[in-house]
Amino acid sequence: MRITVLAGGVGGSRFVLGLREELRRREASGALAPGEAEVTVVVNTGDDLWLAGVRLMPDFDTLLYALAGVNDTERGWGRAGDSERVAEELREWGVGWPWFTLGDLDLGTHLARTAWLREGLTPSQVAARLQHRWELGVRLIPATDAEVDLHVEVADPDELDGTRTMHFQEWWTRYRASLPAVAFRQQGLDGAAPAPGVVEAILGADAVLLAPSNPVVSIGTILAIPGIREALDETHAPVVGVSPIIGGAVVRGMADACLPVIGVETDAAAVARHYGRRAGGGLLDGWLVDETDAPAAAALRADGFRAEAVPLWMRDPDTSAALAAAALALTTP
Ligand code: FO1
């Protein structure tokens, strides 16, 4: 069974951890032969950036660290137990962003990645090398090898045309998504292509799952890369998504600051309708909402979606594995 997941950082990593747990349990019970399930995660690259001379890939690293069990679970990013000595020095030198902390162990990853990029490796080749260090049990591929960094246009009355543009990370971490966003733009999309293995993973999958990641900036960026949407339209695999919205509020992150920018309500059914029903030219065969959003599932079913209401909160391995099992169950009618 080949499963391909499209994912952003924190929501993506929790979901993929749950999926790995569920598949391990199926192997342990004999329901799956060892190694029968292959999971490929196509990771959002819109958050990536150059800072202080190193290339950062925050969503990739969040997944890498979480699957390796070395992540900082409190903050949701970076390495557990990291120190910040180099970051303090960088602040003294005025290098990088004072509001954006690169932990010492985390910097080791960025330095290794940047060194390999400078040697001529592509981001996906670097990603493969970084994964060799730990037994992740899944394969992570950045959505593209191109630098498709996400920028946010914000309203600014002091500017001549009333707007200014900044990197998504500045908007997200410095301003905590509080500046009114007017538009999100993936820079460098022209000529960008899916990283090697991405289209193959989608076309060759038995199931494609959309993690409960930000539909605008994370899943939205993956879908914006020319060739990925086309592969999703073409694949014979059912495509099932998990709502990042529970009871009209975001599960985590600040997607509620992003959805209105593209005219989508912060609502589980509205996000499903935004992705669209596959039979109607959209993306989804199935959509999972939280049990508290059961009316949304009923409304979506009335619209022809395959939709179920199940517990979406991923609190621990049991609840995360149960969610992954529900997503897999929805791939078969
Ligand atoms: N998020 C913060 O809120 N503050 C930080 O200082 C910060 C540093 C950081 C360093 C490396 C990294 O990979 C991620 C980091 N993040 C930080 C998380 C990140 O900015 C975002 O939460 C994600 O990109 C959104 O998915």
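Look above for the structure.
What you see is a predicted model; the values in this text were computed from it and never measured.

Parameters and conventions
- Residues numbered from 1 in each chain as written.
- Predicted model: local features only at pLDDT ≥ 70, side-chain atom pairs only at ≥ 80, totals over all residues.
- Heavy atoms only, no water.
- Helix = DSSP H or I, 4+ residues; strand = E, 2+ residues; numbered from the N terminus.
- Buried < 20%, exposed > 50% of the residue type's maximum accessible area, 1.4 Å probe, protein only.
- Phe/Tyr/Trp six-rings, centres within 6.5 Å; stacked < 30°, edge-to-face > 60°.
- Lys NZ or Arg CZ within 6 Å of the ring centre and 35° of its normal.
- Arc of directions from axis to C-beta.
- Salt bridge = Lys/Arg side-chain N within 4 Å of Asp/Glu carboxyl O.
- Near = heavy atom within 4 Å.
- Polar contact = N/O pair within 3.5 Å; in protein donor to acceptor, adjacent residues only side chain to side chain.
- Areas by Shrake-Rupley, 256 points an atom, 1.4 Å probe, with all protein chains shown as cover.
- Nonpolar A, V, L, I, M, F, W, Y, C, P; charged D, E, K, R; others polar.
- Domains from an automatic or database assignment.

Q: Sorry, what's going on with unusual backbone geometry here?
A: Generally, phi is negative for residues other than glycine and the peptide bonds are trans, each holding for most cases. The backbone of Ala52 sits at a positive phi, close to 50 degrees, despite the residue not being glycine. The topology assignment puts Ala52 in the loop between strand S3 (49-51) and strand S4 (54-56). Residue class for Ala52 comes out partly exposed when judged on its relative accessible area of 32%. One non-glycine residue with positive phi stands out, namely Arg176, at about 50 degrees. With respect to the helices and strands, Arg176 occurs in the loop between helix H6 (168-174) and strand S8 (181-186).

Q: Any chance you could explain the packing of aromatic side chains here in plain terms?
A: Aromatic ring pairs are described here by two measures, namely the spacing of the ring centres and the angle between the planes. Going through the model one piece at a time under the given rule, you end up with seven aromatic pairs. With 5.0 Å between their ring centres and 35 degrees between their planes, Phe168 and Trp172 make a pair best called tilted. Here Phe168 pairs with Trp172, and both are found in helix H6, just four residues apart, close to one helical turn. With a relative accessible area of 2%, Phe168 lands in the buried category. Centroid distance Trp171 to Phe184: 5.4 Å. Interplanar angle 75 degrees. Geometry classified as edge-to-face. In this pair, Trp171 is assigned in helix H6 and Phe184 in strand S8, connecting sequence segments 13 residues apart. Here Phe184 falls in the buried class, since its relative accessible area comes to 15%. A connected cluster of aromatic rings, assembled from ring pairs, spans Phe168, Trp171, Trp172 and Phe184. Between Arg75 and the ring centre of Trp77, over which it is positioned, the NZ or CZ distance is 3.9 Å.

Q: What exactly am I supposed to notice about helix H11 (residues 294-302) here?
A: Structurally, the α-helix is built with 3.6 residues per turn, so residues lying three or four positions apart point the same way. Those residues of H11 lying buried are Ala296, Ala297 and Leu300. One face of H11 carries all of its buried residues, which in axial projection span an arc of 100 degrees. In H11, the exposed positions angled more than 90 degrees off the buried face are occupied by Pro295 and Ala302. After H11 finishes, the residue Gly304 shows a positive phi value of roughly 100 degrees.

Q: Could you clarify how one ought to interpret the pattern of salt bridges in this entry?
A: Where charged atoms from two side chains of opposite charge approach closely, those side chains can pair. Inspection of the entire model under this criterion finds 14 salt bridges. In this structure, Asp72 engages Arg75 in a salt bridge whose closest nitrogen and oxygen atoms are separated by 3.1 Å. Accessibility expressed as a relative area gives 13% for Asp72, which makes it buried. Overlapping salt bridges bring together Glu21, Arg25 and Asp318 as one network.

Q: Sorry if this is basic, but what is going on with the site of the ligand here?
A: Taken together, 13 residues surround the ligand, and among them Asp47, Asp59, Thr101, Gln169 and Arg176 come closest. At 2.8 Å, a backbone N or O of Thr101 approaches an oxygen atom of the ligand. In this structure, Trp172 approaches the ligand through a side-chain N or O atom, which is 3.4 Å from an oxygen atom. For the ligand, whose accessible area on its own is 530 Å², the fraction buried by protein is 87%. Of all the elements in the fold, those that place two or more residues in the shell around the ligand are helix H2 (58-68) and H6. No other element matches the three residues that H6 contributes to the shell around the ligand. Taken together, the residues that form the shell around the ligand break down as six nonpolar, three polar and four charged. Looking at which domains feed residues into the shell around the ligand, each of domain 1 (2-146 + 191-330) and domain 2 (150-190) supplies at least three.

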